[in-house]
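# Observations on chain architecture
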Amino acid sequence: MKIIPVPLEYFADPLRYEKINYRRAGLSGIQLPVVSLGLWNNFSGVDSIENSRAMLRTAFDLGITHFDLANNYGPPPGSAEETFGAILKKDFLPYRDELIISSKAGYDMWPGPYGDFGSRKYLIASIDQSLKRMGLDYVDIFYHHRPDPNTPLEETMGALDAIVRSGKALYAGISNYHPKEAHQAIKILRQLGTPCLIHQPNYSMLDRWVEEGLLDELSKEGVGCIVFSPLAQGILTNRYLNGIPEDSRAAKPNSALDRAELSDMVISKVRRLNEFAQQLGLSLAQLAINWVLRRPEVTSALIGASRPSQITEIVQGTWKTALSKEDMQTIEVILSEE
Ligand SMILES: NC(=O)c1ccc[n+]([C@@H]2O[C@H](COP(=O)([O-])OP(=O)(O)OC[C@H]3O[C@@H](n4cnc5c(N)ncnc54)[C@H](OP(=O)(O)O)[C@@H]3O)[C@@H](O)[C@H]2O)c1
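Model, not experiment: these values are computed from the prediction. (Residues numbered from 1 in each chain as written. Predicted model: local features only at pLDDT ≥ 70, side-chain atom pairs only at ≥ 80, totals over all residues.)

Moving on to the overall build of the protein chain. When you go through the protein chain residue by residue, the secondary structure sums to 10 helices and 10 strands. Here the protein chain has a C-alpha radius of gyration of 20 Å; the compact-globule value for 338 residues is 20 Å, and the two agree. Reported as C-alpha extents along the three principal axes, the dimensions of the protein chain are approximately 60 × 55 × 40 Å. Pairs at least 24 apart in sequence give 77% of the contacts found in the protein chain among residues at least 6 apart. (Helix = DSSP H or I, 4+ residues; strand = E, 2+ residues; numbered from the N terminus. Rg over C-alpha atoms; globule rule 2.2 N^0.38 Å. Contact = placed C-beta atoms within 7 Å.)

Moving on, we get to the environment of Ala-172. The residue Ala-172 is located in strand β7 (residues 169–175) in this model. Measuring from C-alpha to C-alpha, the distance between Ala-172 and Ile-141 comes to 5.6 Å, with 31 residues separating the pair along the chain. For Ala-172, the contacting residues outside a window of four places in its chain are Phe-142, Leu-160, Asp-161, Val-164, Leu-189, Thr-194, Cys-196 and Leu-197.

Here we come to the site of the ligand. In the vicinity of the ligand, 30 residues are found, and the nearest of them are Gly-38, Trp-40, Phe-228, Gly-234 and Gly-304. Every element with two or more residues in the shell around the ligand is listed here: β10 (300–303) and α9 (308–317). The element best represented in the shell around the ligand is α9, accounting for three residues. (Near = placed C-beta within 6 Å.)

A few words now on the sheet that holds β7. If you walk around this closed barrel you meet the eight strands as β3-β4-β5-β6-β7-β8-β9-β10, and the pairing is parallel. Taken pair by pair, the neighbouring strands of this sheet meet at an average axis angle of 30°, ignoring direction. Relative to strand β8 (residues 196–200), β7 runs parallel, the two sharing four bridges. Across the sheet, residue Ser-175 finds its bridge partner in β8, namely Gln-200. Relative to the sheet, helix α3 (residues 120–134) contacts β5 (100–105), β6 (139–144) and β7, its axis offset from that of β5 by approximately 140°. (Pairing = 2+ DSSP bridges. Axes fitted to C-alpha atoms, helices over the stretch in contact; angles between N-to-C directions.)

A turn of α-helix holds 3.6 residues, and therefore any two residues three or four places apart point the same way. Over its 16 residues, helix α7 (residues 264–279) extends 23 Å from the first C-alpha to the last, a length consistent with the 22 Å expected when each residue adds 1.5 Å. Listed as buried for α7 are Lys-269, Val-270, Leu-273 and Ala-277. End-on, the buried residues of α7 take up no more than an arc of 100°, which puts them together on one face. Opposite the buried face of α7, at more than 90 degrees from it, the exposed residues are Asp-264, Glu-275 and Gln-279. Contacts from the buried residues of α7 go to α8 (284–293) and α10 (325–336). One or two steps after α7, the chain reaches Gly-281, where phi turns positive at roughly 80°. (Expected span 1.5 Å × (residues − 1). Buried ≥ 20, exposed ≤ 12 C-beta atoms within 10 Å, placed from the backbone. Arc of directions from axis to C-beta.)

In this section: the pairing of strand β9 (residues 224–228). Taking burial as the measure, the five residues of β9 include five buried ones, the bulk of the element. In β9, alternate side chains face the same way, and those of Gly-224, Ile-226 and Phe-228 on one face and Cys-225 and Val-227 on the other are all buried. Traced from β8 through helix α6 (residues 214–221) to β9, the parallel crossover comes out right-handed. Here β9 runs beside β10; their pairing, made up of three bridges, is parallel. Counterpart to Phe-228 in the pairing with β10 is Leu-302. (Right-handed = clockwise from strand over helix to strand, strands pointing away.)

So, on to the packing of helix α4 (residues 153–165) against helix α5 (residues 179–192). If you want to describe how two helices pack, look at the angle between their axes and the distance between the axes. Running from N to C, α4 and α5 point in directions that differ by 50°, and their axes come no closer than 9 Å. On the basis of the axis angle, α4 is oblique to α5. Of the two elements, α4 crosses α5, and the hand of that crossing is right-handed. Every residue of α5 that contacts α4 at Leu-153, Glu-154, Met-157, Gly-158, Leu-160 and Asp-161 is listed here: Gln-184, Ala-185, Ile-188, Leu-189 and Leu-192. (Parallel < 35°, antiparallel > 145°, perpendicular 65-115°, else oblique. Left-handed = near helix turned anticlockwise from the far one by under 90°.)

Cis geometry marks the peptide bond from Gly-74 to Pro-75, where omega comes out at 10°. Tracing the backbone shows Pro-75 in the loop between β4 (66–68) and α2 (79–92). Residue Pro-75 is joined to Pro-76 through a cis peptide bond whose omega torsion reads -10°. Residue placement: Pro-76 occurs in the loop between β4 and α2.

This part takes up the pairing of β7. In terms of residue burial, β7 counts as a mostly covered element, since six of its seven residues are buried. Each parallel crossover has a hand, and for β6 linked through α4 to β7 it is right-handed. Since β7 and β8 lie parallel, the crossover through α5 that links them has a hand, and here it is right-handed.

What follows is about the environment of Gly-135. Mapped onto the elements of the fold, Gly-135 is located in the loop between α3 and β6. For Gly-135, a count of 14 C-beta atoms within 10 Å puts it in the partly exposed group. C-alpha of Gly-135 to C-alpha of Leu-56: the two residues are 79 residues apart in sequence and 17 Å apart in space. Not counting residues up to four positions away in its chain, the partners in contact with Gly-135 are Gly-85, Leu-88 and Lys-89.

Geometry only, nothing functional implied.
Structure representation (structure tokens):
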């Protein structure tokens, strides 16, 4: 029987690896693009799959090799992984070895006591479900999504180790762990022989907790750091300078971006930051990303997007002027103003 090959619909830009810089995750062998794309919002079962597909293509054409997911991304939970799996099948399978795909478990996913937090039972069942939804044999990074105060860390880290040893993930990561918990987790993983590749905390000009010990800890331990919500879910962009646009995250029902976060004080700071960004020839989104990337401990800024042009703007911004000491001081003054 003659096999007729299915024509590929997408050919990645051959110049993609010249369009972005890469940084090494801690002391590991893995390099990540300085900007990675997360699929928490705008890739769910209620979003336009064509727009999701256009964003993924744009990102990969810009050299963004890392796509970040979690079991619960939706709505409904799981649907972002399904969307990603469908697009992967159409566009990205020939590029699988050029991609770093991550998923996570740790938040509420299914009913009963085994679908939340950090038991071995939950993590191992969840990775199987995620692989099925995405149509993958393995993910590159599997994270424990948040610390579990009631499960021994040895059990949770043991589950990550077992997942890596089973070949269902290539590397283990932790997310939202504070410095002391991170220290312990990293130590246990190292003892088990599955070093922690990377930590995923939130970090932006509006939320700087990682500067109080976590970045030092990761640097000391040789663990990478990929920072999520570097645009504070869109607050550190031009989106909310003049109210709440209808098509923005803050306008969506049940949004993780609470309108209360857009207080007069925050918006007035954002306006001042926006003016300063313009003086530097940057958009505010570009300034916010270059600001997190000023820290050498940060391997990658993990952004979200609602349209392809946002991703392009941010990657292009990483090539513009590096922030000087004086620029940093001006930003500090704006951030400290009441
Ligand atoms: N580990 C965890 O616990 C955790 C938690 C949260 C997120 N994450 C990860 O981090 C990823 C990113 O989080 P995030 O979406 O909150 O990140 P973010 O980059 O801070 O915010 C993304 C939003 O900013 C706006 N935006 C992006 N680029 C823009 C541009 N150039 N100009 C104007 N507006 C722009 C868009 O808002 P509009 O939609 O309004 O256009 C976009 O949806 C997630 O997808 C997920 O992978 C992890």
